[in-house]
Every structure is written in structure tokens, then in C-alpha cells.
Amino acid sequence: MPKRVDHEERRTQITEALIRVAGRRGLHAVGMRDVAAEAGVSLRLVQYYFQTKEKLLFYGLQHLTDRFTARVGARLAAAGPDPGPRATIEALLLASLPTDEESRTFHLLYSSYSILSVTDEALAAQPFIDNPDAAENALAGLIGRAQESGLADPEVDARKEAISLLAMAATMGTSILVGQRGPESAVEVLRHHLDRIFRTRTRSPEGDGAPSSGTR
């Protein structure tokens, strides 16, 4: 009796081969034949599951995103049952920094895909991400929630701070990849900006109504 093929398992096998070879050679230099060789399968099988290189690349990006979500979840689980807005934001930002092989590959391929899609019509035709504002909305919501709870500076603009933090994390990630700075330096800078946002304003000890700042 012929062995039953698990098609999703086979797609995952091919996708992980793409991620490995692209992480070594760069996304632009990878062809379907390279992926087939890395996965130990025929080129025809890769074409059967993905038809085009663009579809294979997009599936790989989705796979990377799922793995990134799992990394964020692991950080939050380690932070306890109720990590709060700051710890949640910190987990998301720090998980995106290329501090180990998996996160390095994620940052490299995610950045490469976005750049290639600007000039490659076939890639541009694929939906890059289902909701491009999802991370921005999540961070803005968390900062707003912290402000309502008295855990963040009420005078900051939650939306602008969310945009700034995401842009900063992306830039820091690239600077780590090219060797401009180490992960420790990038983490220090991100936490410095989080310290600026996540503070409360209370009345001064003299009771004159003048605001004083404290960090939580």
C-alpha cells in the first residue's frame, strides 16, 4: 500500500529549505532548483507545491511570521501570567532584533522581501502582509492602555510613539546585521525610549500641584 503523503508537512519541509538557503545566500540569489537541492527533493516536486518562485517566497514569509509570533509568545510566557503593556511591547520589539540565527534570518529575509517587492512586479502582486498596520495598531493600543492605567506618560502621542518604536527596532536590526552595533547596544537604546514613555506623573511632595516624573 503506498505511503500517504502529508502535503502540509511537505510544504513545510520545502519552505524551511528555502529559509536555510536564503539565509546563507540572500533571497535574491535563490532559485527553485536551489531549494529543491536543499530539501532533498526534485525540482518538479517544488513546482508542484508552489508553481512559481514568488509563491514559494510568500509562503516562506508567512512561515517566518508564524515563527516570529511563537518567539514573541515565548517571551511573554516567560514574563508571567499578566506581563502588562510595557513587557508586551518589549517582547515584540526585542524578538524582532537579530540576536541569534533564527531572528537574524527573519530580519534578513523580511527586509529583503520588502525591498525586492518594490521592483519585482510578480512579488509586488503577492500580498506582502495581510494587515500592514497590525503591529502599529497593537503598540498604539498598548501605550494607550498604559496611559489610562497611569503607567505611561499621559502627554505622549501613543500612535506616534508606536510608529517610532517600530521604525527604531527595524533600523537597529539592520545595524546589527551589518555590524554597526551589537545586540546589547540596540536593546539598551530601545529600553531607553521605553523608559521615556512608561512613566507616571504624580503630584510633588509639597502638594503644590507641580508634576514630577517617576519610572516604572
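Residues numbered from 1 in each chain as written. Predicted model: local features only at pLDDT ≥ 70, side-chain atom pairs only at ≥ 80, totals over all residues. Heavy atoms only, no water.

**Q** So what's going on with the overall build of the protein chain? Which residues, and what values?
**A** A count of helical and extended segments in the protein chain gives 10 helices and 2 strands. Overall, the protein chain shows an N-to-C arrangement of helices and strands of α-α-α-α-α-α-α-α-α-α-β-β. A buried classification covers 38% of the 216 residues belonging to the protein chain. In the protein chain, of all internal contacts separated by at least 6 residues, the share reaching a separation of at least 24 is 61%. A total of about 12300 Å² of accessible surface is found on the protein chain, and carbon and sulfur atoms cover 52% of it. (Helix = DSSP H or I, 4+ residues; strand = E, 2+ residues; numbered from the N terminus. Buried < 20%, exposed > 50% of the residue type's maximum accessible area, 1.4 Å probe, protein only. Contact = heavy atoms within 4.5 Å. Areas by Shrake-Rupley, 256 points an atom, 1.4 Å probe, with all protein chains shown as cover.)

**Q** Can you lay out the pattern of salt bridges for me, pointing to particular residues and giving the numbers?
**A** Evaluation of the coordinates by the stated rule reveals 11 salt bridges. Across the pair E8 and R11 runs a salt bridge, and its minimum N-O distance is 3.7 Å. Note that E8 and R11 are positioned in helix α1 (residues 7-25) at a spacing of 3 residues, about one turn of the helix. A salt bridge links E90 to R86; the shortest N-O distance between them is 3.5 Å. A residue pair is termed a helical-turn pair when its members lie 3 or 4 positions apart in one helix, as E90 and R86 do in helix α5 (residues 84-96) at 4 residues. R86 shares its class with E90; the two are buried. (Salt bridge = Lys/Arg side-chain N within 4 Å of Asp/Glu carboxyl O.)

**Q** Tell me about the packing of helix α4 (residues 53-78) against helix α6 (residues 101-119), and name the residues and values.
**A** At a closest axis distance of 10 Å, the pairing of α4 and α6 adopts a crossing angle of 140°. In terms of orientation, α4 lies oblique with respect to α6. Read as a crossing pair, α4 and α6 show a hand that is left-handed. Touching L57, F58, L61, L64, T65, R67, F68 and R71 of α4 are E102, S103, F106, L109, Y110 and Y113, all from α6. Broken down by class, the residue content of the contact of α4 with α6 amounts to 9 nonpolar, 2 polar and 3 charged. (Axes fitted to C-alpha atoms, helices over the stretch in contact; angles between N-to-C directions. Parallel < 35°, antiparallel > 145°, perpendicular 65-115°, else oblique. Left-handed = near helix turned anticlockwise from the far one by under 90°. Nonpolar A, V, L, I, M, F, W, Y, C, P; charged D, E, K, R; others polar.)

**Q** Can you tell me about the packing of aromatic side chains, naming the residues and giving the values?
**A** Inspection of the entire model under this criterion finds 4 aromatic pairs. Taking the centre distance of 5.4 Å and the plane angle of 65° together, the rings of F50 and Y59 count as edge-to-face. Overall, F50 belongs to the buried group, its relative accessible area being 3%. (Phe/Tyr/Trp six-rings, centres within 6.5 Å; stacked < 30°, edge-to-face > 60°.)

**Q** Could you give an account of the nonpolar core, with specific residues and numbers?
**A** Inside soluble globular proteins, nonpolar side chains tend to come together where they are buried. Within the largest apolar cluster, 28 residues are counted, with the highest numbers of intra-cluster contacts made by I14, L18, V35, V46, F50, L56 and Y113. Of all elements in the fold, only α1, α2 (32-39), α3 (43-50), α4 and α6 reach the threshold of two or more residues within this core. Top contributing element to this core by residue count: α4, with 7 residues. When neighbours within four sequence positions are excluded, F50 is seen to be in contact with R11, I14, T15, M32, K55, L56 and Y59. (Core = buried A, V, L, I, M, F, W, Y, C linked by side-chain atoms within 4.5 Å.)

**Q** So what's going on with the side chain of H63? Residues and values would help.
**A** Along the polypeptide, H63 turns up in helix α4. For H63, the contacting residues outside a window of four places in its chain are T12, T15, E16 and I19.

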